[in-house]
Amino acid sequence: MTHDIRRAAAVLGLLAAAGSAHAQDANLARNLAATCANCHGTNGHARGDMKPLAGLSADKIIAMLADYKSGNQPATIMHQIVKGYTDDQIKLVAGFFAAQPAKK
Amino acid sequence: MNATMLQRRHLLAAGAALAATGLAGCAGMAAGPSTGRVVVVGGGYGGATAARYLKLWGNVDVTLVERNTDFVSCPISNLVLGGYKQMADITRGYDGLKAVGVKVVQGEVTAIDVAGKKVRLAGGGEIAYDRLVLSPGIDFMADQVGGLQPALDSGRIAHAWKAGPQTVALRRQIEAMPDGGVFAMFIPKAPYRCPPGPYERACVVASYLKTAKPKSKVLVLDANPEIQSKKALFEKAFKDRYTGMLEYRANAELKEVSGNIAKLDFEDVRADVLNVIPPQRAGDLARSAGLLNMNNRWVGVNWLTMESTAAPNVHVLGDATFSAPAMPKSGHMANQHAKVAAAAILQLLKGEAVSTTPVVMNTCYSFVAQRDAMHVASVHQYDAADKTFKTVPGSGGVSAAANQIEGRYALGWAENIWADSLAL
């Protein structure tokens with residue numbers, strides 16, 4: 001429970017930081033994160049070789065995606081996909097996955 | 001920005017976060033009365049995902065009508081043709097959807113009463129809806145090739161462009177082909193389901209023949225002026241892996257099939273196995289419902305809601321839609337359409353505003369041999385001015401090369417999207 005509250009608090013901060021343009025669309029983070037589910041599993045609960053995102057810290061997800069975007073982290077595909085999302089959208093997605101329990 | 005505004009923005013954001021976490025915590029346990037009845041017709045990538053996400057995100061009654069007992073995936077089905085996967089590997093059930101509260105009806109919808117908001121089932125029943133989701137896939141315009149419909153009806157030609165019995169039939173034909181035989185395949189003019197799929201098929205069949213029947217030939221007859229997806233990568237695969245075995249011909253229009261002969265503009269081609277992928281349009285149900293308002297072939301949709309521009313309260317997904325620019329007809333994209341539709345439908349049923357900034361993305365992996373795959377990826381953001389999805393400049397792209405790592409990712413993609421779509 002404490003853990004959940006801490007996660008929720010982290011999400012609150014991130015969402016606040018993500019800017020007012022998206023603030024009024026309550027489902028935006030959820031909807032954006034759902035675009036990742038095809039490979040990373042529903043709500044980030046990936047299977048097999050794919051990387052699970054549920055329960056990772058938002059900062060870590062944002063940092064990983066920034067490295068893919070900059071090319072610092074080589075990839076087969078993520079460097080191409082991440083360039084389709086704005087920094088605000090990435091923050092929302094990261095906050096959503098951070099708020100998910102790590103295990104399904 | 002003054003302090004009051006800042007505070008207000010934080011409060012709005014806090015509300016958003018609570019909504020998001022609340023939903024995550026209460027998935028499948030939504031309280032209170034149902035906000036509406038949604039009927040989903042078609043349990044492929046689009047329809048299954050819509051049913052699943054309507055239950056995941058909302059509190060609605062969802063009925064999925066699907067004519068088949070199981071979901072059979074078109075993606076990965078070319079590996080069955082190569083003998084590298086079995087039908088069981090690409091087949092999944094609907095038990096996961098049932099477990100999350102979707103009422104799954106095995107049956108056929110024969111008519112849609114748009115004004116009366118109900119669908120009619122073969123055998124006489126009716127199901128009423130507040131919102132209808134139609135994910136009918138494609139059907140074929142076989143009459144554009146002389147002799148094709150009878151050849152398909154008799155089973156002499158298998159298209160294998162819908163996975164299932166057709167996949168099994170084509171695999172049998174390939175297995176029965178003599179060493180030294182010709183496997184000829186015909187690719188229709190774009191747009192068709194799965195742009196890279198035909199070229200993947202050519203590679204995978206050639207891969208199988210190279211080992212099992214090395215004197216054989218693969219002849220790729222493409223009605224298009226060039227390879228339609230991952231062009232350079234497929235050209236490289238054709239050249240590096242299958243030189244001498246695989247021949248590719250562009251601008252090859254198939255006029256007629258007669259026995260084992262494919263009649264092109266200026267020549268006849270004899271084939272031991274003739275695999276014709278017919279020209280396509282939106283599925284029959286979309287046509288009979290009068291939804292084909294784009295070129296009399298595809299369904300125009302409002303991209304914020306996926307609602308048909310021809311019929312109110314009818315949301316159409318996947319291959320059946322008139323695609324946005326550079327948007328492929330793929331299982332992955334149908335899954336993404338479904339999420340846009342599910343989110344919008346739940347808002348509409350509550351009388352609330354739909355999201356004005358949806359995003360969809362696509363990944364298509366193609367195998368060029370048993371274990372080596374390559375991808376094409378794209379991200380599409382909604383453009384409010386033009387009211388359509390557009391790819392983001394500088395995003396997306398294709399593999400540097402086909403390899404085994406991407407082969408593993410391709411299978412991982414399949415496992416995850418099947419689980420996502422079917423609540424496995």
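Just so you know, these numbers come straight off a predicted model, no measurement behind them.

Describing the overall build of chain A
- A count of helices and strands for chain A gives six helices and zero strands.
- Starting at the N terminus, the α and β elements of chain A follow one another as α-α-α-α-α-α.
- By the burial criterion, 54% of the 104 residues in chain A qualify as buried.
- Considering only residue pairs separated by 6 or more positions, chain A has 66% of its internal contacts joining residues 24 or more positions apart.

Brief notes about the overall build of chain B
- Assigned secondary structure in chain B consists of eleven helices and 25 strands.
- Its C-alpha radius of gyration of 23 Å places chain B within 12% of the 22 Å reference for a compact globule of 424 residues.
- Taken along its principal axes, the extent of the C-alpha atoms in chain B is 75 × 55 × 40 Å.
- Going through the 424 residues of chain B one by one, you find that 52% of them count as buried.

Some details on the pairing of strand 7 (residues 118–121) of chain B
All names here are of chain B.
- In terms of strand pairing, strand 6 (residues 109–113) meets strand 7 through four bridges, oriented antiparallel. Each residue of the ladder has a partner; that of Ile112, found in strand 7, is Val119.
- Hairpin connection from strand 6 to strand 7: four residues lie between these consecutive antiparallel strands, with Lys117 at a positive phi of about 55 degrees.
- Counting the residues between successive antiparallel strands, the hairpin from strand 7 to strand 8 (residues 126–128) contains four residues, one of them, Gly123, with a positive phi of roughly 100 degrees.

Looking at the packing of helix 2 (residues 45–57) of chain B against helix 10 (residues 331–349) of chain B
All names here are of chain B.
- Contact geometry for helix 2 and helix 10: axes closest at 8 Å, N-to-C directions at 35 degrees. In this structure, helix 2 crosses over helix 10, and the sense of that crossing is right-handed. Between helix 2 and helix 10, the contacting residues are Tyr45, Gly46, Thr49, Ala50, Tyr53, Leu54 and Trp57 on the first element and Gly331, Ala334, Asn335, His337, Ala338, Lys339, Ala341, Ala342, Ala343, Ile345 and Leu346 on the second.
- By residue class, the composition of the contact of helix 2 with helix 10 is twelve nonpolar, five polar and one charged.

A few points about the nonpolar core
Residues and elements named next belong to chain B.
- If you look at the biggest cluster of nonpolar residues, it comprises 163 residues, and the most contacted ones within it are Leu54 and Val218.
- Looking at this core, the element that brings in the most residues is helix 10, giving ten residues.
- Among residues more than four places away in sequence, those in contact with Leu54 are Val38, Val60, Val62, Ala342, Ile345 and Leu346.

Some thoughts on the sheet that holds strand 12 (residues 217–222) of chain B
Residue and element names in this part refer to chain B.
- In space, the four strands of this open sheet follow the order 13-12-11-17, with parallel pairing throughout. Sheet topology places strand 13 (246–249) and strand 17 (273–276) at the edges, where each strand pairs with a single neighbour. In this sheet, adjacent strand axes meet at a mean angle of 15 degrees when their direction is disregarded.

Looking at the sheet that holds strand 7 of chain B
Residues and elements named next belong to chain B.
- On the basis of which strands lie adjacent, the open sheet formed by three strands has the order 6-7-8 and antiparallel pairing. The open sheet is flanked by strand 6 and strand 8, the only strands paired with a single partner. On average, each strand axis in the sheet is tilted by 20 degrees relative to the strand beside it, whichever way the strands run.

Some details on the confidence of the model for chain B
Residues and elements named next belong to chain B.
- This prediction gives chain B a mean pLDDT of 94; 93% of its residues lie at or above 70.
- pLDDT under 50 marks residues 1–28. Its contacts with residues more than four places away, or in other chains, come to 38 contacts.
- For this predicted complex, the interface score ipTM comes out at 0.90, alongside a pTM of 0.91.

Some words on unusual backbone geometry
All names here are of chain B.
- Residue Pro191 is reached from Ala190 by a cis peptide bond, and omega for that bond is 5 degrees.
- Of note in the backbone geometry, Lys230 takes a positive phi value of approximately 50 degrees without being a glycine.
- Along the chain, the position of Lys230 falls in the loop between strand 12 and helix 8 (231–242).
- A positive phi angle, close to 55 degrees, is found at Lys387, a residue other than glycine.
- Mapped onto the elements, Lys387 comes out in the loop between strand 23 (373–383) and strand 24 (388–391).

Considerations on the packing of helix 4 (residues 58–70) of chain A against helix 6 (residues 87–98) of chain A
All names here are of chain A.
- In contact at an axis separation of 8 Å, helix 4 and helix 6 are set at 140 degrees when each is read in the N-to-C sense. One element, helix 4, and the other, helix 6, form an angle in the oblique class. In terms of crossing hand, the pair formed by helix 4 and helix 6 is right-handed. The segment helix 4 lies against helix 6, with Ala58, Ile61, Ile62 and Leu65 engaging Ile90, Lys91, Ala94, Gly95, Phe97 and Ala98.

Points about the environment of Gln370 of chain B
Residues and elements named next belong to chain B.
- With respect to the helices, strands and loops of the structure, Gln370 is situated in the loop between strand 22 (359–367) and strand 23.
- Each C-alpha atom, one on Gln370 and one on Val316, is 35 Å from the other, the two residues being 54 residues apart in sequence.
- Excluding anything up to four places from it in sequence, Gln370 contacts Gly82, Tyr84 and Ser207.

Description of helix 4 of chain A
Residues and elements named next belong to chain A.
- When the terminal C-alpha atoms of helix 4 are compared, their 18 Å separation across 13 residues agrees well with the 18 Å that a helix rising 1.5 Å per residue should span.
- Inspection of helix 4 places Ala58, Ile61 and Leu65 among the buried residues, and these make up the whole buried set. Taken down its axis, helix 4 places every buried residue within 65 degrees of arc, on the same side. Opposite the buried face of helix 4, at more than 90 degrees from it, the exposed residues are Asp59 and Ser70.

Thresholds, definitions, all that
Residues numbered from 1 in each chain as written. Chains lettered and ligands numbered in written order. Predicted model: local features only at pLDDT ≥ 70, side-chain atom pairs only at ≥ 80, totals over all residues. Helix = DSSP H or I, 4+ residues; strand = E, 2+ residues; numbered from the N terminus. Buried ≥ 20, exposed ≤ 12 C-beta atoms within 10 Å, placed from the backbone. Contact = placed C-beta atoms within 7 Å. Rg over C-alpha atoms; globule rule 2.2 N^0.38 Å. Pairing = 2+ DSSP bridges. Axes fitted to C-alpha atoms, helices over the stretch in contact; angles between N-to-C directions. Left-handed = near helix turned anticlockwise from the far one by under 90°. Nonpolar A, V, L, I, M, F, W, Y, C, P; charged D, E, K, R; others polar. Core = buried A, V, L, I, M, F, W, Y, C linked by C-beta atoms within 7 Å. pLDDT = per-residue confidence, 0-100. Parallel < 35°, antiparallel > 145°, perpendicular 65-115°, else oblique. Expected span 1.5 Å × (residues − 1). Arc of directions from axis to C-beta.

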